[in-house]
Amino acid sequence: MRAYWERPYESEFEARVVRAWSEGEKHFAVLDQTLFYPTSGGQACDTGRLGGVAVLEVLEDAKATGPVIHRLESPLSEGQIVVGQLDWARRYRHMQRHTAEHMLGQAFLRAAGWNVVAVNMLNPVCTMDFDGAPDEAVIRQAEALANWAVYANTAVRSYFIDEAEAPAHGLRRAPKVTGLIRVVEIEGWDKVACGGLHVARTGEAGPIKITRFERYKGGTRVYFVAGWEALELFDQEHRLLSRLGEWFSSSPLELEKPIGNLREEWRRARAENALLKDELAERIMRDLLTEFPTQTIAAQVPNSVLDMVGRRLAEWPGVLALLLAQAEDKARYVLLKHPSRSEDLQTIWEEVLKPLGARGGGALVKLGVMPLKALHPALLAFERYLAQER
């Protein structure tokens, strides 16, 4: 018996185990009645305890009609009388989410004729997919409408109708089940077939806040929070903005200007840094060509300009070079040559760098990393290899 439909606000009950079994290390039980809601319709299952045993997951054998199956941390015995205890805070949040989802579904229908395609309410930030193209004006209007429904604090009730009666009840969407259909009605606002759990009045579901939206599969995906989780998100964001306001000596709602100024300063600094790195790389390249007149180069350079120096040298006729740099806890290398050189970089890499733990690849330019302790041995090994080749 699915007692959660009749008693959604109760969190403790007594029941008898009518069936119990194990599949390997997984343990299951079916009760003669339960307040544990199974995962269904985008709403996550309840968790809690049965006879002191943790309820890990709740499933339904067949949608709305089959037995509710409880997956347990350890086994129970058939015939055993157990006390079930729900994680009420989790249950109530799910009821808030689900009621808010109904309210938003109707709000978008009224705002722009959008229909709900899919929902996911398994996380504090829930999603709803609609068949309308993204439109910020529609999003804001629907959010406002949903919150007006919150302020109205109207009753939310549920009841069963026969499948044949459904067309006459003006449901927002066609039922997905046959036979007896459970209807959830928000008086004066929405009416839809649903097997989920909801709060008793719309005021309990608010506030409802749409956090963002995006184009998704030709329609729009909307992200929202509701109830306690909306208040918690507001609190987290307010605390963050207040801390940032202290850093910038600004009120939270006036942060945009100092952050914009900081962003412009960062862009200028980044541009200046790029110019300085470019000048440094050019100077290092010139110094290396002077230091190694044979144009066979083995040297350590700053990590910040390793790639830039390497690219310049790779374009210089007659150059063969191994450049290394220290990058925190590892060494980075560039092994390169100009096409005019006859040496085979792959052979050099395999005989000089690979034995020292180098990783990486490339053709005319090989890039990679190696253990930091191999930095100086790599330079020496490169020089010895070339000396032997001569």
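Up top is the structure these notes are about.
What comes next concerns the included structure. Worth saying up front: this structure is predicted, and the values here are computed from it rather than measured. (Residues numbered from 1 in each chain as written. Predicted model: local features only at pLDDT ≥ 70, side-chain atom pairs only at ≥ 80, totals over all residues. Heavy atoms only, no water.)

1. Details of the overall build of the protein chain
Using the following cut-off: Strands are runs of DSSP state E lasting at least two residues, helices are runs of H or I lasting at least four, and both sets are numbered from the N terminus onward. As defined in this context, the radius of gyration uses C-alpha atoms, and a globule is described by 2.2 Å times the residue total to the power 0.38. Where accessible areas are quoted, they stem from the Shrake-Rupley method and a 1.4 Å probe; at the residue level, only the protein chains shown are allowed to cover. In this tally, Asp and Glu contribute negative charge and Lys and Arg positive charge; neither His nor the terminal groups of the chain are included. Here the site of a charge means atom NZ of a Lys, CZ of an Arg, CG of an Asp or CD of a Glu.
Counting its secondary structure elements, the protein chain contains 7 helices and 18 strands. Here the C-alpha radius of gyration of the protein chain, 33 Å, is well above what a compact globule of 390 residues would show, namely 21 Å. Expressed as lengths along the three principal axes of its C-alpha atoms, the size of the protein chain is roughly 95 × 55 × 40 Å. Entry remark: accessible area of the protein chain is about 20,500 Å², with carbon and sulfur atoms responsible for 52%. With 48 positive and 53 negative side-chain charges, the protein chain shows a spacing of 3 Å between the two charge centroids.

2. Description of the packing of aromatic side chains
How we decide: Between the rings of Phe, Tyr and Trp (Trp by its six-membered ring), a pair exists once the centres lie within 6.5 Å; its type follows the angle of the planes, with under 30 degrees stacked, over 60 edge-to-face, and the other angles tilted. Accessible area is worked out with a 1.4 Å probe on protein chains only. A residue is then buried under 20% of its type maximum, exposed over 50%, and partly exposed in between.
Counted according to the given criterion, the structure contains 12 aromatic pairs. With 5.7 Å between their ring centres and 35° between their planes, tryptophan 88 and tyrosine 92 make a pair best called tilted. Here tyrosine 92 and tryptophan 88 lie together in helix H1 (residues 88-112), a separation of 4 residues that amounts to about one turn. For tyrosine 92, a relative accessible area of 15% corresponds to the buried category.

3. Some words on the nonpolar core
What counts here: Here, nonpolar core means buried Ala, Val, Leu, Ile, Met, Phe, Trp, Tyr and Cys residues that are tied together by side-chain atoms lying within 4.5 Å of each other. Where each domain begins and ends is defined by an automated method or by a domain database. Should any heavy atoms of two residues lie within 4.5 Å, those residues are counted as being in contact.
Core analysis: the largest hydrophobic core is formed by 55 residues, its most contacted members being Leu50 and Phe108. The greatest single-element share of this core, amounting to 8 residues, is contributed by H1. Residue contributions to this core reach at least three from each of two domains, namely domain 1 (3-86) and domain 2 (91-244). Ignoring anything within four residues of it in the chain, the contact list for phenylalanine 108 reads Gly113, Trp114, Phe130, Val138, Ile139, Ala142, Ile210 and Val222. Ranked by size, the runner-up nonpolar core spans 22 residues in total, among them Leu324, Ala378, Tyr385 and Leu386.

4. What to know about the pattern of salt bridges
The line we're drawing: The working definition used for a salt bridge is a side-chain nitrogen of Lys or Arg within 4 Å of a carboxyl oxygen of Asp or Glu.
Tallying each qualifying case throughout the model produces 21 salt bridges. Residue arginine 140 is joined to glutamate 143 by a salt bridge in which the shortest nitrogen-to-oxygen separation is 3.9 Å. Remark: glutamate 143 and arginine 140 occur in helix H2 (residues 136-152); sequence separation between them is 3 residues, near one turn of the helix. Judged by its relative accessible area of 31%, arginine 140 falls in the partly exposed class. The salt bridge involving arginine 157 is made with glutamate 185; its shortest N-O contact spans 2.9 Å. Linking arginine 157 in strand E9 (residues 156-162) with glutamate 185 in strand E10 (residues 180-186), this pair joins segments that are 28 residues apart in sequence.

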